[in-house]
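# Chains, contacts and geometry: an overview
The lines below spell out each chain.
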Amino acid sequence: ETGVTQSPTHLIKTRGQQVTLRCSSQSGHNTVSWYQQALGQGPQFIFQYYREEENGRGNFPPRFSGLQFPNYSSELNVNALELDDSALYLCASSDSGGWQPQHFGDGTRLSIL
Amino acid sequence: KQEVTQIPAALSVPEGENLVLNCSFTDSAIYNLQWFRQDPGKGLTSLLLIQSSQREQTSGRLNASLDKSSGRSTLYIAASQPGDSATYLCAVRGNNNDMRFGAGTRLTVKP
(Lines give C-alpha, C1' and ligand atoms only; values in the text may rest on other atoms or scores of the structure.)
Protein backbone atom coordinates (compact mmCIF):
# COMPACT_ATOMS: atom_id res chain seq x y z
CA GLU A 1 0.00 0.00 0.00
CA THR A 2 1.56 3.28 -1.12
CA GLY A 3 1.29 6.11 1.39
CA VAL A 4 0.72 9.81 0.78
CA THR A 5 3.57 11.40 -1.14
CA GLN A 6 4.21 15.11 -1.61
CA SER A 7 6.49 16.99 -3.96
CA PRO A 8 8.71 18.86 -3.82
CA THR A 9 10.06 18.37 -0.30
CA HIS A 10 11.56 21.86 -0.15
CA LEU A 11 10.97 24.99 -2.19
CA ILE A 12 12.26 28.55 -2.10
CA LYS A 13 10.32 31.36 -3.75
CA THR A 14 10.27 35.16 -3.64
CA ARG A 15 7.40 37.46 -2.79
CA GLY A 16 4.83 37.86 -5.54
CA GLN A 17 5.62 34.57 -7.24
CA GLN A 18 3.24 31.66 -7.71
CA VAL A 19 3.77 28.08 -6.51
CA THR A 20 2.19 24.68 -7.14
CA LEU A 21 2.53 21.86 -4.62
CA ARG A 22 1.56 18.28 -5.45
CA CYS A 23 0.15 15.38 -3.51
CA SER A 24 -0.49 11.75 -4.39
CA SER A 25 -3.17 10.20 -2.22
CA GLN A 26 -2.88 6.87 -0.53
CA SER A 27 -4.23 4.09 -2.71
CA GLY A 28 -8.02 3.80 -2.48
CA HIS A 29 -8.54 7.23 -0.88
CA ASN A 30 -10.98 9.65 -2.54
CA THR A 31 -10.60 12.61 -0.19
CA VAL A 32 -7.66 14.95 0.12
CA SER A 33 -7.11 17.86 2.52
CA TRP A 34 -4.43 20.51 2.61
CA TYR A 35 -3.00 22.20 5.70
CA GLN A 36 -0.54 24.97 6.45
CA GLN A 37 1.67 24.51 9.51
CA ALA A 38 3.76 27.40 10.79
CA LEU A 39 6.72 26.63 13.02
CA GLY A 40 5.66 25.62 16.52
CA GLN A 41 1.95 25.62 15.73
CA GLY A 42 -0.68 23.08 14.83
CA PRO A 43 -1.75 22.67 11.20
CA GLN A 44 -4.39 25.04 9.84
CA PHE A 45 -7.02 23.66 7.48
CA ILE A 46 -6.90 25.18 3.99
CA PHE A 47 -9.47 23.09 2.11
CA GLN A 48 -10.72 19.60 1.36
CA TYR A 49 -11.59 17.89 -1.93
CA TYR A 50 -13.89 14.90 -2.24
CA ARG A 51 -14.22 13.23 -5.63
CA GLU A 52 -12.82 16.29 -7.43
CA GLU A 53 -15.11 18.81 -5.72
CA GLU A 54 -14.13 21.21 -2.95
CA ASN A 55 -16.34 20.38 0.04
CA GLY A 56 -14.77 22.37 2.84
CA ARG A 57 -12.60 25.44 3.20
CA GLY A 58 -10.82 27.12 6.07
CA ASN A 59 -10.10 30.79 6.57
CA PHE A 60 -7.66 31.28 3.68
CA PRO A 61 -7.88 33.92 0.93
CA PRO A 62 -8.82 33.01 -2.67
CA ARG A 63 -5.18 33.14 -3.78
CA PHE A 64 -5.00 29.68 -2.20
CA SER A 65 -6.67 27.34 -4.68
CA GLY A 66 -6.66 23.65 -5.40
CA LEU A 67 -7.51 20.84 -7.75
CA GLN A 68 -8.23 17.17 -7.37
CA PHE A 69 -7.77 14.92 -10.39
CA PRO A 70 -9.71 11.78 -11.44
CA ASN A 71 -6.97 9.61 -9.92
CA TYR A 72 -7.53 11.58 -6.65
CA SER A 73 -4.11 13.20 -6.68
CA SER A 74 -4.19 16.89 -5.87
CA GLU A 75 -2.50 20.25 -6.29
CA LEU A 76 -2.32 23.29 -4.06
CA ASN A 77 -1.70 26.57 -5.87
CA VAL A 78 -0.74 29.77 -4.12
CA ASN A 79 -0.59 33.05 -6.04
CA ALA A 80 1.04 36.34 -5.09
CA LEU A 81 3.22 34.76 -2.41
CA GLU A 82 3.72 36.67 0.83
CA LEU A 83 6.41 36.27 3.49
CA ASP A 84 3.80 34.83 5.90
CA ASP A 85 3.19 31.97 3.49
CA SER A 86 6.46 30.44 4.63
CA ALA A 87 5.41 27.19 6.30
CA LEU A 88 5.18 23.43 6.05
CA TYR A 89 2.32 22.45 3.74
CA LEU A 90 0.77 19.12 4.54
CA CYS A 91 -1.50 16.96 2.45
CA ALA A 92 -3.71 14.27 3.97
CA SER A 93 -5.88 11.66 2.32
CA SER A 94 -8.72 9.56 3.60
CA ASP A 95 -11.67 7.54 2.40
CA SER A 96 -15.38 8.37 2.50
CA GLY A 97 -15.24 12.15 2.58
CA GLY A 98 -13.20 12.43 5.73
CA TRP A 99 -15.08 10.18 8.14
CA GLN A 100 -12.11 7.84 8.24
CA PRO A 101 -8.67 8.58 9.72
CA GLN A 102 -6.55 10.97 7.73
CA HIS A 103 -3.13 9.85 6.53
CA PHE A 104 -0.51 12.54 6.07
CA GLY A 105 2.44 13.02 3.80
CA ASP A 106 5.72 14.46 5.10
CA GLY A 107 4.93 17.86 3.67
CA THR A 108 6.54 20.51 1.50
CA ARG A 109 8.66 23.11 3.28
CA LEU A 110 8.04 26.44 1.50
CA SER A 111 10.31 29.39 2.21
CA ILE A 112 9.51 32.87 0.89
CA LEU A 113 12.38 35.34 0.57
CA LYS B 1 -15.55 29.50 15.76
CA GLN B 2 -14.05 26.27 17.06
CA GLU B 3 -11.02 26.69 19.32
CA VAL B 4 -8.87 23.71 20.32
CA THR B 5 -6.52 23.91 23.29
CA GLN B 6 -3.95 21.38 24.42
CA ILE B 7 -2.47 21.27 27.89
CA PRO B 8 0.33 21.01 28.81
CA ALA B 9 2.35 22.57 25.98
CA ALA B 10 5.36 20.46 26.96
CA LEU B 11 5.89 17.47 29.21
CA SER B 12 8.99 15.59 30.30
CA VAL B 13 8.68 12.25 32.09
CA PRO B 14 10.99 9.35 32.98
CA GLU B 15 10.62 6.14 31.04
CA GLY B 16 7.92 3.80 32.32
CA GLU B 17 5.53 6.46 33.58
CA ASN B 18 1.87 6.55 32.62
CA LEU B 19 0.77 9.94 31.38
CA VAL B 20 -2.27 11.89 30.23
CA LEU B 21 -2.45 14.55 27.54
CA ASN B 22 -5.43 16.88 27.47
CA CYS B 23 -7.39 18.44 24.64
CA SER B 24 -10.36 20.79 24.97
CA PHE B 25 -12.62 22.30 22.33
CA THR B 26 -15.21 25.05 22.51
CA ASP B 27 -17.92 23.80 20.12
CA SER B 28 -19.39 20.39 20.95
CA ALA B 29 -20.95 20.02 17.47
CA ILE B 30 -18.20 17.81 16.09
CA TYR B 31 -18.15 14.78 13.82
CA ASN B 32 -15.03 13.22 15.22
CA LEU B 33 -11.79 13.83 17.05
CA GLN B 34 -8.43 12.47 16.02
CA TRP B 35 -5.12 12.21 17.86
CA PHE B 36 -1.85 12.41 15.93
CA ARG B 37 1.84 12.31 16.67
CA GLN B 38 4.37 14.38 14.76
CA ASP B 39 8.09 13.76 14.74
CA PRO B 40 10.40 16.72 13.99
CA GLY B 41 10.31 17.72 10.32
CA LYS B 42 7.76 15.05 9.49
CA GLY B 43 4.10 14.77 8.71
CA LEU B 44 1.45 13.56 11.12
CA THR B 45 0.82 9.95 12.05
CA SER B 46 -2.76 9.07 12.98
CA LEU B 47 -3.00 7.38 16.38
CA LEU B 48 -6.70 7.15 17.22
CA LEU B 49 -9.96 8.40 15.74
CA ILE B 50 -13.07 8.76 17.92
CA GLN B 51 -16.41 9.34 16.20
CA SER B 52 -18.79 11.75 17.96
CA SER B 53 -21.01 8.85 19.06
CA GLN B 54 -18.13 7.02 20.73
CA ARG B 55 -16.64 7.47 24.20
CA GLU B 56 -13.18 5.97 23.74
CA GLN B 57 -10.78 4.14 21.48
CA THR B 58 -7.79 1.97 22.34
CA SER B 59 -4.72 0.92 20.41
CA GLY B 60 -1.95 -0.90 22.23
CA ARG B 61 -0.61 1.33 25.02
CA LEU B 62 -2.80 4.24 23.90
CA ASN B 63 -6.31 5.05 25.05
CA ALA B 64 -8.26 8.11 23.98
CA SER B 65 -11.51 9.25 25.56
CA LEU B 66 -14.07 11.76 24.37
CA ASP B 67 -16.60 13.73 26.41
CA LYS B 68 -18.37 15.76 23.74
CA SER B 69 -20.74 17.54 26.10
CA SER B 70 -17.89 18.99 28.15
CA GLY B 71 -15.65 19.54 25.13
CA ARG B 72 -12.79 17.38 26.34
CA SER B 73 -10.62 14.52 25.19
CA THR B 74 -7.69 12.82 26.86
CA LEU B 75 -4.94 10.65 25.45
CA TYR B 76 -3.56 8.17 27.94
CA ILE B 77 -0.15 6.62 27.27
CA ALA B 78 0.77 3.64 29.41
CA ALA B 79 4.32 2.64 30.28
CA SER B 80 5.95 5.43 28.28
CA GLN B 81 9.09 4.72 26.24
CA PRO B 82 11.78 7.02 24.77
CA GLY B 83 10.34 6.23 21.32
CA ASP B 84 7.12 7.95 22.38
CA SER B 85 8.95 11.29 22.36
CA ALA B 86 7.18 13.48 19.81
CA THR B 87 4.59 16.23 19.55
CA TYR B 88 1.03 15.02 20.07
CA LEU B 89 -1.78 16.87 18.34
CA CYS B 90 -5.53 16.58 18.64
CA ALA B 91 -7.92 17.71 15.92
CA VAL B 92 -11.69 18.01 15.74
CA ARG B 93 -13.74 17.80 12.56
CA GLY B 94 -16.70 20.18 12.38
CA ASN B 95 -19.88 20.27 10.34
CA ASN B 96 -18.23 21.94 7.32
CA ASN B 97 -15.39 19.40 7.15
CA ASP B 98 -13.13 21.95 8.80
CA MET B 99 -10.41 20.20 10.83
CA ARG B 100 -9.22 22.30 13.77
CA PHE B 101 -5.96 21.40 15.46
CA GLY B 102 -4.54 22.27 18.81
CA ALA B 103 -0.97 23.58 19.05
CA GLY B 104 0.19 20.24 20.41
CA THR B 105 1.93 18.84 23.46
CA ARG B 106 5.65 18.22 23.09
CA LEU B 107 6.47 15.02 24.97
CA THR B 108 9.95 13.95 26.03
CA VAL B 109 10.42 10.53 27.63
CA LYS B 110 13.82 10.26 29.32
CA PRO B 111 15.59 6.90 29.47
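Everything in this summary refers to the structure shown in the same document. (Residues numbered from 1 in each chain as written. Chains lettered and ligands numbered in written order. Predicted model: local features only at pLDDT ≥ 70, side-chain atom pairs only at ≥ 80, totals over all residues. Heavy atoms only, no water.)

All right, on to the overall build of chain A then. Looking only at helices and strands, chain A features zero helices and 11 strands. Secondary structure elements of chain A, listed N to C terminal, follow the sequence β-β-β-β-β-β-β-β-β-β-β. What you see for chain A is a C-alpha radius of gyration of 13 Å, in line with the 13 Å of a compact globule of 113 residues. Once the C-alpha set of chain A is aligned to its principal axes, its extents read approximately 40 × 25 × 25 Å. Classification of the 113 residues of chain A by burial places 50% in the buried group. Across chain A, contacts joining residues at least 24 apart in sequence account for 54% of those joining residues at least 6 apart. Just so you have it, chain A exposes about 5,300 Å², and 46% of that area is on carbon and sulfur atoms. (Helix = DSSP H or I, 4+ residues; strand = E, 2+ residues; numbered from the N terminus. Rg over C-alpha atoms; globule rule 2.2 N^0.38 Å. Buried < 20%, exposed > 50% of the residue type's maximum accessible area, 1.4 Å probe, protein only. Contact = heavy atoms within 4.5 Å. Areas by Shrake-Rupley, 256 points an atom, 1.4 Å probe, with all protein chains shown as cover.)

This part takes up the environment of B:Phe25. Residues and elements named next belong to chain B. With respect to the secondary-structure elements, Phe 25 resides in strand β3 (residues 19–25). On the basis of relative accessibility, which here comes to 6%, the residue Phe 25 falls in the buried class. Between the C-alpha atom of Phe 25 and that of Thr 87, which follows or precedes it by 62 residues, the distance is 18 Å. Those residues in contact with Phe 25 that sit more than four places away from it in its chain are Gln 2, Glu 3, Val 4, Ile 30, Leu 33, Leu 66, Asp 67, Lys 68, Gly 71, Arg 72, Ser 73 and Val 92.

All right, on to the sheet that holds β3(B) then. Residue and element names in this part refer to chain B. Taken in spatial order, the five strands of this open sheet run β1-β3-β8-β7-β6, and their pairing is antiparallel. Edge positions in the sheet fall to β1 (4–7) and β6 (56–59), since each has one partner strand and no second. Averaged over all neighbouring strand pairs, the angle between strand axes comes to 15°, with direction disregarded. (Pairing = 2+ DSSP bridges. Axes fitted to C-alpha atoms, helices over the stretch in contact; angles between N-to-C directions.)

Take the sheet that holds strand β7 (residues 64–68) of chain A next. Residues and elements named next belong to chain A. Reading across from one edge, β1-β3-β8-β7 is the order of the four strands in this open sheet, with antiparallel pairing throughout. Every other strand in the sheet has two partners, leaving β1 (5–7) and β7 as the edge strands with one partner each. Here the average twist between neighbouring strands, direction ignored, is 20°.

On to the state of the cysteines, then. Throughout the structure, instances matching the rule amount to two disulfides over all chains. Each sulfur of the disulfide joining A:Cys23 and A:Cys91 lies 1.8 Å from the other. Because the sign of the S-S torsion sets the handedness, a value of about -60° for the bond joining A:Cys23 and A:Cys91 places this disulfide among the left-handed ones. Here the residue A:Cys23 occupies a position in strand β3 (residues 19–24), and A:Cys91 occupies one in strand β9 (residues 87–94), the gap between them amounting to 68 residues. Across the pair, exposure class does not vary: A:Cys23 and A:Cys91 are buried alike. Here B:Cys23 is linked by a disulfide to B:Cys90, with a sulfur-sulfur distance of 2.0 Å. Residues B:Cys23 and B:Cys90 are joined by a disulfide whose S-S torsion is about 75°; by sign, that bridge is right-handed. In this pair, B:Cys23 sits in strand β3 while B:Cys90 sits in strand β9 (residues 86–93), placing the two residues 67 residues apart along the sequence. Each member of the pair, B:Cys23 as well as B:Cys90, carries the same accessibility label: buried. (Disulfide = S-S within 2.5 Å.)

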